[in-house]
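Residue-level structure breakdown
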Amino acid sequence: MTAGLDAEPCKRPRLMMVAQPTGGSQEETGKALPHRDPEVKVAVGVVEQGNDDTCQTYRGDHRAPDANVERCPLCCYYFGNCYWPFIRVPWRGRPDGERSGECWRLCHLDCVRKLLFDSNDFGRGLSADAIETGFVQDLTKVLEWSPQLYRKAPHLRVCFEEQRLSRAAQGEPLPWPPPASPAPPLAAFSFEGLVEIRISACPALRKLPPEIGRIKGVKTLVMISTGLVELAAEVGQLHELEHLFLNGNFLRSLPASVGALPNLTELCLDANRVEYIPPLQSPYLKLITAPANHLTSLPPVASECIERIEAHGNALSSAVLPAALPCHPPQWDKIVSLKLMGNQIRELPAELANMSRLRIAMFSSNRLRELPACVASLGWLEWLFAYDNDLHDLPEGLLKGHRWLERVLLEGNPLSATATARLISNVREGGNIKLRALGLDEAQVRTCAEAAAGACDVGAWQVLPPCISVGKVVHVSGSGQYWMKLTRSSQLRRLENTPAVGEPGGPVSPSTSPARFLVVAFSASQGEPEWLGLLRRLWAQGQVRQGRCPNRGSLEDFFRSKDASSVEACTAALWSSCLRGQGAAPAG
């Protein structure tokens, strides 16, 4: 048996085995090997003679060479499973000379690169002039933008914000404001065999061309912070697509063909203008995120493995979770995160009782009048945010049935004194050792304390546990989705036996007697500001220095001499100079 080497134009040679029907001589087909089909023999190293008298080895998908199988017009090799992507090129007349006029032919990208930049005519007298001039210029630009096209898993990456950051890091002076980024040319959408397409920070890109549907094999499509106003229906032809990220655009809807993508696992539509999402029929869908849109209903899904649904900041009046296929209802037992805050929801979905693995439940800033009793039995729950609703009562044992519950935020609700007292009692009983923060507001604590004073001697009141965070809810004027919690620095991570605002012996509310110094903190985690108790420690040390910045210059230089392994040490070092009479950060 003879073995031939596949002298591929784009990667190292490899052994090839090709199955083809019997019927030719043994010299043509190779030695017969055992095979399930008696009518098929397997040949190793089958070759054919090219027109340019060079040996061209078939490099394919285990099928015999066929005149109808498309091959690269430059190297005459057939297309198979190789690492290099392919590209459709407009020729001035067909490169094989069969007819004149412009035509598009699929080529190996590496062959086109050699033709354009290495003056390789492949022994056929070809030159770069055979390709349309405009396409050559566009392709040159794309190759400069995205060197990732030559990786083992090739992908197109046109991220203009990364380009600007890279130039700035190299010390190149950049104009301000930065010039507008050009839209990617058609050449960027002429590839095949890519794993990922990523374009970002490109407002000039308003619409994807239909050619995007021909990019076979792509699994991830990312269009972030562009000017897209509509999505091409041809995206639905990307049947292998698994991840579709369309954050920060101007989309109002998605084509039905996108909802029918059979292998979609993640769909992200954050910060668009989407009013409607078609039924999502993929059985593998795990993630749907569409915050900051105009949705009035959630999309039907057919997945059995959905894990995250995030639709906060929309116009949802109902949280019903419909099925995309009535005969195949979705399963909710794998969902771990449900974020529906900032809507107009009056009632939570019945499916909540089936979400036995739910860890993150965020329902704040809605119109809820009650939480269903099943919330108290969600044993894996870690975060429960229900602030800024219309809750008067809470499920019995809300803080008792959870082993992992860490944060419960209930500010801005007209809770009854009984409901608040029950919460405080649950915390004091210590049934949940994981609880780090129970968020209440001044009105809730004051109502509870007044009810306790009316029932018995005020001296029976016990100081609230330190994990109960108390402050005044302040709404942002003109917005129903933003709120702040005003509190004194001594109330952040209160020390043991330190009274909270609103309870007997507690400090005066900052809204009644404001301090001279105001710190505004934005919490990315939508919970307590993660400052490691910094403001509380500063308050415990006494007065704070005025008129001096905590640090100037490069943070990298500042931290070089610090213990980089300790986040708390680095954070405290930034503020150590603020303490009057202190040369170092306070301990603890």
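From a predicted model like this one, the values you see are computed outputs, not experimental measurements.

With that out of the way, let us pick up the overall build of the protein. In terms of regular secondary structure, the protein is built from 10 helices and 23 strands. Considering the protein as a whole, with its 588 residues, one finds that 46% of them fall into the buried category. Sequence-distant contacts in the protein: of pairs separated by 6 or more residues, those separated by 24 or more amount to 46%. When the accessible surface of the protein is summed, it comes to about 29,600 Å², and 51% of that surface belongs to carbon and sulfur atoms.

This brings us to the packing of aromatic side chains. Summed over all chains, the structure comprises 5 aromatic pairs. Here the aromatic rings of W145 and F160 are separated by 5.3 Å at their centres, their planes lie at 80°, and the arrangement is edge-to-face. Of this pair, W145 sits in helix α3 (residues 133–145) while F160 sits in helix α4 (residues 160–169); the two residues are 15 residues apart in sequence, bridging distant segments of the chain. Of the two residues, W145 and F160, both sit in the buried class. When the centroid spacing of 6.3 Å and the interplanar angle of 45° are considered together, the rings of F385 and Y387 count as tilted. This pair shows no difference in class: F385 is buried, exactly as Y387 is.

It is worth spelling out the confidence of the model for the protein at this point. On average, the protein scores 78 in pLDDT, and the residues at 70 or more come to 72%. Confidence drops under pLDDT 50 across residues 580–588; counting only partners more than four residues distant or on other chains, this segment forms 18 contacts.

This paragraph deals with the side chain of T420. The residue T420 is located in helix α6 (residues 417–428) in this model. Residue classification places T420 among the buried positions, given a relative accessible area of 0%. Apart from the residues lying within four places of it in its own chain, the contact partners of T420 are L415, L440, Q444 and C448.

The complete set of buried residues in helix α2 (residues 109–117) reads L109, D110, C111, V112, L115 and L116. With its phi angle positive at about 55°, S119 sits one or two positions after the end of α2.

Let us now look at the packing of α2 against α3. To characterise two packed helices, one gives the angle between the axes of the helices and the distance between these axes. Put simply, α2 and α3 touch, their axes get as near as 12 Å, and they point 110° apart. Comparing their axes, α3 and α2 come out roughly perpendicular. In this structure, α2 crosses over α3, and the sense of that crossing is left-handed. On α3, the residues touching L109, V112, L116 and F117 of α2 are V136, L139, T140 and L143. Counted by class, the contact of α2 with α3 contains 7 nonpolar, 1 polar and no charged residues.

Attention shifts here to the pairing of strand β9 (residues 155–159). Burial of β9 is extensive: 4 of the 5 residues sit out of reach of the surface. Pairing analysis gives 5 bridges linking β9 to strand β11 (residues 196–202), with the strands arranged parallel. What sits directly across from H155, in β11, is E196.

Glancing now at the environment of A188. Residue position: A188 is located in the loop between α4 and β10 (191–192). With a relative accessible area of 1%, A188 lands in the buried category. Taking C-alpha positions, A188 is 9.0 Å from L143, a pair spaced 45 residues apart along the chain. Residue contacts for A188: discarding those within four places in its chain leaves V142 and L156.

With that settled, the discussion passes to the pattern of salt bridges. Applying the stated criterion across every chain, the model contains 20 salt bridges. Residues participating in the shared-partner salt-bridge network are D110, R113, K114 and D118.

Another aspect to go through is the environment of P395. Here P395 lies in the loop between β19 (383–385) and β20 (407–409). Under the relative-accessibility criterion, P395 is labelled buried at 9%. With sequence-adjacent residues up to four places away left out, P395 is seen in contact with L371, P372, A373 and A376.

Our next topic: the nonpolar core. Counting 119 residues, the largest nonpolar core has L208, M223 and L438 as its most contacted members. The element contributing the most residues to this core is α3, with 6 residues. Look past the residues within four positions of M223 in its chain and what remains in contact with it is F189, I197, I199, L205, L208, L228, F245, L246, N247 and N249. Counting 7 residues, the second largest nonpolar core, distinct from the first, contains M362, F385, Y387 and L409.

Glancing now at a nonpolar patch on the surface. Taken together, M484, L518 and V520 make up a surface patch of nonpolar side chains, about 300 Å² in accessible area. Here L518 is to be found in the loop between β23 (483–486) and α8 (534–541). The class of L518 is exposed, set by a relative accessible area of 62%.

With that settled, the discussion passes to the side chain of E196. Structurally, E196 can be placed in strand β11. For E196, the side chain forms a polar contact with the side chain of R198, separated by 2.9 Å. If near-sequence neighbours (up to four positions away) are discounted, E196 is found in contact with P154, H155, L156, R157, V218 and T220.

Below, the discussion takes up unusual backbone geometry. Following W176, the chain continues to P177 via a peptide bond in cis, the omega torsion being -5°. Tracing the sequence through the fold places P177 in the loop between α4 and β10. We note that A292 has phi near 55°; this positive angle belongs to a residue other than glycine. Positionally, A292 belongs in the loop between β15 (287–289) and β16 (308–310). In this structure, S365 takes a positive phi of about 55° despite not being glycine. Tracing the sequence through the fold places S365 in the loop between β18 (360–362) and β19.

The rules behind the values
Residues numbered from 1 in each chain as written. Predicted model: local features only at pLDDT ≥ 70, side-chain atom pairs only at ≥ 80, totals over all residues. Heavy atoms only, no water. Helix = DSSP H or I, 4+ residues; strand = E, 2+ residues; numbered from the N terminus. Buried < 20%, exposed > 50% of the residue type's maximum accessible area, 1.4 Å probe, protein only. Contact = heavy atoms within 4.5 Å. Areas by Shrake-Rupley, 256 points an atom, 1.4 Å probe, with all protein chains shown as cover. Phe/Tyr/Trp six-rings, centres within 6.5 Å; stacked < 30°, edge-to-face > 60°. pLDDT = per-residue confidence, 0-100. Axes fitted to C-alpha atoms, helices over the stretch in contact; angles between N-to-C directions. Parallel < 35°, antiparallel > 145°, perpendicular 65-115°, else oblique. Left-handed = near helix turned anticlockwise from the far one by under 90°. Nonpolar A, V, L, I, M, F, W, Y, C, P; charged D, E, K, R; others polar. Pairing = 2+ DSSP bridges. Salt bridge = Lys/Arg side-chain N within 4 Å of Asp/Glu carboxyl O. Core = buried A, V, L, I, M, F, W, Y, C linked by side-chain atoms within 4.5 Å. Patch = residues over 30% accessible without salt bridge, like charges linked within 9 Å, V, L, I, M, F, W, Y side chains within 5 Å. Polar contact = N/O pair within 3.5 Å; in protein donor to acceptor, adjacent residues only side chain to side chain.

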